[in-house]
Amino acid sequence: MRHFAVVGSGPAGFYTAEALAKAYEGSAGNGARIDILDRYPVPYGLIRFGVAPDHQSLKAVSKRYDKVADSPGVDFIGNVTVGTDLSVAELLEFYDAVILATGAPHDRRLGIPGEDLPGVVGSAAFVGWYNGHPEFADLDPLLDGTHAAVIGNGNVALDCARILSKTRSEFHGSDIVGHALDALDRSAIRTVTILGRRGPHQIAMTPKELGELGHLDAALPVVDLKDFPPVEADDALEPGQRKSITILREFNDIRANKAKTMIFDFFAKPVRIEGAGRAERIVVERTELDDQGAARGTGETYEVPASLIVTSIGYSTPPLAGVPYDERGGKFRNETGKIADQLYCVGWARRGPSGTIGTNRPDGYEVAGLIAAAMPPGGSGERKGAAGLKALLEERGVMATDYDDWRRIEESEAANARPGSPREKFVRVDHWLGALDR
Ligand SMILES: Cc1cc2nc3c(=O)[nH]c(=O)nc-3n(C[C@H](O)[C@H](O)[C@H](O)COP(=O)(O)OP(=O)(O)OC[C@H]3O[C@@H](n4cnc5c(N)ncnc54)[C@H](O)[C@@H]3O)c2cc1C
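Residues numbered from 1 in each chain as written. Predicted model: local features only at pLDDT ≥ 70, side-chain atom pairs only at ≥ 80, totals over all residues. Heavy atoms only, no water.

## Some details on the overall build of the protein chain
- Helices and strands together make up the secondary structure of the protein chain, namely 15 helices and 19 strands.
- Against the 2.2 N^0.38 benchmark of 22 Å for 438 residues, the protein chain shows a C-alpha radius of gyration of 23 Å, consistent with a compact globule.
- Taken along the three principal axes of its C-alpha coordinates, the protein chain extends 65 × 50 × 40 Å.
- Counting the 438 residues in the protein chain, one finds 54% classified as buried.
- Taking contacts inside the protein chain between residues at least 6 apart in sequence as the whole, the part at least 24 apart equals 75%. (Helix = DSSP H or I, 4+ residues; strand = E, 2+ residues; numbered from the N terminus. Rg over C-alpha atoms; globule rule 2.2 N^0.38 Å. Buried < 20%, exposed > 50% of the residue type's maximum accessible area, 1.4 Å probe, protein only. Contact = heavy atoms within 4.5 Å.)

## Some details on the sheet that holds strand 12 (residues 281-289)
- Read from one edge to the other, the open sheet built from three strands follows the order 11-12-13, with strand pairing classed as antiparallel. At either end of the open sheet lies a strand with only one pairing partner, and these are strand 11 (268-274) and strand 13 (295-305). Averaged over all neighbouring strand pairs, the angle between strand axes comes to 25°, with direction disregarded.
- One ladder, built from eight bridges, connects strand 12 with strand 13; its direction is antiparallel. Each residue of the ladder has a partner; that of E288, found in strand 13, is R296. (Pairing = 2+ DSSP bridges. Axes fitted to C-alpha atoms, helices over the stretch in contact; angles between N-to-C directions.)

## Comments concerning the packing of aromatic side chains
- In the structure shown here, the tally under the stated rule is 17 aromatic pairs.
- Three or more aromatic residues joined by ring pairs make a cluster, and in this case those are F14, Y15, Y44, Y65 and W406.
- Taking the ring centre of Y365 as reference, the NZ or CZ of R361 above it sits at 4.6 Å. (Phe/Tyr/Trp six-rings, centres within 6.5 Å; stacked < 30°, edge-to-face > 60°. Lys NZ or Arg CZ within 6 Å of the ring centre and 35° of its normal.)

## Topic: the domain arrangement of the protein chain
- Domain annotation of the protein chain identifies domain 1 (2-105 + 315-434) and domain 2 (109-311).
- Facing 27 residues of domain 1, the contacting portion of domain 2 comprises 29 residues.
- A combined buried area of about 2,200 Å² lies between domain 1 and domain 2, and 49% of that area is made up of carbon and sulfur atoms.
- Counting the contacts that link domain 1 with domain 2 gives six salt bridges.
- Note that K166 and D54 form a salt bridge whose closest N and O atoms lie 2.7 Å from each other.
- Linking domain 1 with domain 2 are 18 residue pairs in polar contact (both at pLDDT 80 or more), by the criterion used here.
- Every element with two or more residues in the side of domain 1 that touches domain 2 is listed here: helix 2 (46-49), helix 3 (56-59) and helix 15 (429-434).
- Residue composition of the side of domain 1 that touches domain 2, grouped by class: 13 nonpolar, five polar and nine charged. (Domains from an automatic or database assignment. Buried area = accessible area lost by both parts, 1.4 Å probe. Salt bridge = Lys/Arg side-chain N within 4 Å of Asp/Glu carboxyl O. Polar contact = N/O pair within 3.5 Å; in protein donor to acceptor, adjacent residues only side chain to side chain. Nonpolar A, V, L, I, M, F, W, Y, C, P; charged D, E, K, R; others polar.)

## Quick look at the pairing of strand 2 (residues 32-37)
- Burial within strand 2 is extensive, with five of its six residues counted as buried.
- As judged from the six bridges shared by strand 1 (residues 2-7) and strand 2, these two strands associate in the parallel manner. Across the sheet, the residue bridging to F4 is I34, located in strand 2.
- Two elements, strand 2 and strand 3 (residues 74-77), share four bridges in a ladder whose sense is parallel. Across the sheet, I36 pairs through a bridge with F76, a residue of strand 3.

## Looking at the side chain of H3
- Considering the arrangement of structural elements, one finds H3 in strand 1.
- For H3, a relative accessible area of 11% translates into the label buried.
- There is a polar contact of 3.5 Å between the side chain of H3 and the backbone oxygen of R383.

## A short note on the site of the ligand
- If you check the shell around the ligand, you find 30 residues, and the closest are D38, L46, V82, W348 and I357.
- V82 places a polar main-chain atom, nitrogen or oxygen, 2.9 Å from a nitrogen atom of the ligand.
- Against a free-state accessible area of 1,000 Å², the protein chains account for coverage of 91% of the ligand.
- Secondary-structure elements contributing two or more residues to the shell around the ligand are helix 1 (11-24) and helix 7 (155-165).
- Considering only residue class, the shell around the ligand consists of 15 nonpolar, 12 polar and three charged.
- Two domains share the shell around the ligand, each providing at least three of its residues, namely domain 1 (2-105 + 315-434) and domain 2 (109-311). (Near = heavy atom within 4 Å. Areas by Shrake-Rupley, 256 points an atom, 1.4 Å probe, with all protein chains shown as cover.)

## Some details on the pattern of salt bridges
- One pass over the structure, following the stated rule, counts 34 salt bridges.
- E413 serves as the salt-bridge partner of R48, at 2.7 Å between the closest nitrogen and oxygen. With R48 in helix 2 and E413 in helix 14 (residues 403-415), this pair connects stretches of sequence that are 365 residues apart. We note that R48, like E413, is buried.
- D54 is the partner of R162 in a salt bridge, and the nearest nitrogen-oxygen pair spans 2.9 Å. Taken together, the residues span a long stretch of sequence, with R162 in helix 7 and D54 in the loop between helix 2 and helix 3 at a distance of 108 residues. Both residues of the pair, R162 and D54, count as buried.

Structure follows, in structure tokens:
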């Protein structure tokens, strides 16, 4: 029997567990036991804490993950933080292989003056706040000014801008947490400027997410056609990107009077954030593209008013003691997912923060393939697996949880839901644990 520990129950963790279970399935008594560990008693990683609450259909992928958790040989061990409750080295003593699927939950910094002023928040924090992440439940973003800015030109930036611009009724059916819904309902924000260092052709926004902005109840997307290359230049783009640019151009044709605007400001590089005791404005330098397609400052600056500034410029994986780390890439140092003998990584912890939920699937399958090649099914190891891990956790007073516990939490959250909403999430670890009768 082989024992594998997958650390992290986001998409990458579940796809890897699924692939390992398949690879070792049916190897006559000498198969594998796969434990999926998570620092929280609730699974799914960014499916729960990242994917927008008004995009419920995307969250349905969690049903597939439930099937993995229910499959023979797979267990979920929640409420265990690797790096705090036990080290990677200790985990390696219990398991034949450890696969780090810890994601990339830290916001990258802009590195400009004024970034630490009140009113400036990273998108991981802002998204975590409206999605009920326990670390960010108390964020209390400043929503009392009329102007906000989102820095970044990816789908997460779009999520943040859209959430800031929707009306209360547009959240019907979502699982946005109650504290965020109430605060957004009281918000004074009327203008959200979306700043991108490069131009429309360089955006990383997908057609579906962009298209939604054209149909919001109270907010109008605004573009300046002067920022766009001639329309013929769109022909050189791959089809998805061409579609996105077409949607952006068409925003210019929308004729409607709405209370809020979402302004796309391209070729705009934040230089500093200013304000008396809190953010009031961003000083931005106009840019142009150089021969390599990178943004080059033109020296011309202007101000964008914003008392809430959400930075959405990427994420990094927190390092773990003893695990080689790639500082520049903000992820574990690895060769196609292998870090060292017995130690692997998948998902955002392997590749960095890009790609969709589905991108993590081939990633997990590839690493499971490497493991199966190194430890062919049918062989047996000497490790203790979950028995050893659980004994150590008990000795340390760590209350590990399982998938039945998660189901109890899930039921309580569903029972607490607002009408029309699938759940009202608990936003504190002790509330999750309080929902368990033990
Ligand atoms: C705001 C946002 C919105 C997104 N929206 C979409 C979308 O609409 N559609 C789409 O296709 N993709 C979307 N994505 C991308 C998608 O969420 C990622 O591709 C995917 O979640 C990455 O999976 P992962 O498993 O690597 O990391 P994660 O999903 O982050 O999972 C990591 C897991 O590891 C656990 N963990 C971390 N550290 C430890 C530790 N030390 N010990 C134990 N457990 C630990 C965490 O609790 C978490 O459960 C979005 C991403 C973000 C940030």
